[in-house]
Amino acid sequence: MKIITLLTDFGMKDAYAGIMKGVILSINPNAAIVDITHTVEAQDIREGAFLVHENYRWFPAGTVHIAVVDPTVGSARRPIIILSHNHIFVGPDNGIFSLVMGETPFAHVIENPEFMLPTVSSTFHGRDIFSPVAAHLSKGELPVAFGRQIDDPVCLGGLLPITEGEVLKGKVVRFDRFGNGITNISEDTLRGFAKGISFKVEIGAMSFSNISASYYENDFTCLFGSSGYLEFGYFKGSFQDKVGATKDDEVKVFKVNSR
């Protein structure tokens, strides 16, 4: 049994995600399909990129991951397959796989019509290209069968935090169901920056000198969430709503002895 995961911005009102599953199962009835989420903010490729990176690692090697956040569907953007970290990623070549590609990505363009549906619409490549391709991959087809290898898949800039002098600068990249603000600063990045000394975290007018272990410890908390990234929460409420936080809000980390 092969696992295929689905991550999209399709939402749950329409049948798009269900149709993709039908296509997959028509080709490989033995596939195990897992929904990661269908509530990526509409057309937000960057949020999709972070969610792909956060979630793929919890699945066995060889899992096929479909990710579709595709505002330019029907354009000249390429459909691609990427092999990385012993996983297979299928989706649009628009940067959604930026955080899982590595420095030397092994990628193929999907161009062989044998592995697509007979009629390919200009608006639903999730159904007509990505689902059948993933299904065939799950049955053992090799990426080379789908099209030529490429060395230039799109990689988005500005996803990772940067260090400027004695300040580590990141940003809020998404909000979860509870309104917690999740940043692009991983625990490893922050610990590597601080190098064992005390630090202070600032977002807007708020400042945190301690990293909490969980959400209940204070009204407002700064902690490393289960995704491994620094995040901000408000106990029994939404940090996003309470402070009016938005995506791309700047987050700064200062070494205490540098201020």
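This report concerns the structure included in the present document. (Residues numbered from 1 in each chain as written. Predicted model: local features only at pLDDT ≥ 70, side-chain atom pairs only at ≥ 80, totals over all residues. Heavy atoms only, no water.)

## Describing helix α2 (residues 45-55)
In an α-helix, one turn spans 3.6 residues; hence positions three or four apart end up facing the same way.
Right, so step 1: Most of α2 sits out of view: nine of its 11 residues are buried.
Right, so step 2: Buried within α2 are the following residues: Ile 45, Glu 47, Gly 48, Ala 49, Phe 50, Leu 51, Val 52, His 53 and Glu 54.
Right, so step 3: N-capping of α2 is provided by Asp 44, with a side-chain oxygen placed 3.2 Å from the backbone N of Arg 46. (Buried < 20%, exposed > 50% of the residue type's maximum accessible area, 1.4 Å probe, protein only. Helix = DSSP H or I, 4+ residues; strand = E, 2+ residues; numbered from the N terminus. Polar contact = N/O pair within 3.5 Å; in protein donor to acceptor, adjacent residues only side chain to side chain.)

## Remarks on the pairing of strand β4 (residues 79-84)
Right, so step 1: Most of β4 sits out of view: five of its six residues are buried.
Right, so step 2: Hairpin connection of β4 to strand β5 (residues 87-92): two residues between the antiparallel strands, including His 85 at a positive phi of 55 degrees.
Right, so step 3: One ladder, built from four bridges, connects β4 with strand β6 (residues 106-109); its direction is antiparallel. Along β6, the bridge assignment pairs Ile 82 with Ala 107. (Pairing = 2+ DSSP bridges.)

## Section: the nonpolar core
A general feature of soluble globular proteins is that nonpolar side chains tend to end up buried together.
Right, so step 1: Core analysis: the largest hydrophobic core is formed by 25 residues, its most contacted members being Ile 66, Ile 81, Val 90, Ile 110, Val 133 and Leu 137.
Right, so step 2: Only β1 (3-8), α1 (16-27), β3 (64-68), β5 and α3 (125-138) provide two or more residues apiece to this core.
Right, so step 3: Take this core: its biggest share by element is six residues, from α3.
Right, so step 4: Among all residues touching Ile 81, those that are not within four sequence positions of it are Ile 88, Phe 89, Val 90, Phe 106, Ala 107, His 108, Ile 110, Val 133, Leu 137, Pro 143 and Phe 146. (Core = buried A, V, L, I, M, F, W, Y, C linked by side-chain atoms within 4.5 Å. Contact = heavy atoms within 4.5 Å.)

## A short note on the packing of aromatic side chains
Right, so step 1: Per the stated rule, a full pass over the model turns up 11 aromatic pairs.
Right, so step 2: Ring geometry for Phe 220 and Tyr 234: centres 4.8 Å apart, planes at 40 degrees, overall tilted. Note that Phe 220 is positioned in strand β13 (residues 220-224) and Tyr 234 in strand β14 (residues 229-234), a separation of 14 residues in sequence.
Right, so step 3: Taking relative accessible area as the criterion, Phe 220 reaches 25% and is therefore assigned partly exposed.
Right, so step 4: On the accessibility criterion, Tyr 234 (22% relative accessible area) is partly exposed.
Right, so step 5: Ring pairs connect the aromatic residues Phe 208, Phe 220, Phe 232, Tyr 234 and Phe 239, which therefore count as one cluster.
Right, so step 6: Cation over ring: Arg 177 sits above Phe 178, and NZ or CZ is 5.9 Å from the ring centre.
Right, so step 7: When the ring centre of Phe 193 is taken as origin, the NZ or CZ atom of Lys 255, which lies over that ring, is 4.9 Å away. (Phe/Tyr/Trp six-rings, centres within 6.5 Å; stacked < 30°, edge-to-face > 60°. Lys NZ or Arg CZ within 6 Å of the ring centre and 35° of its normal.)

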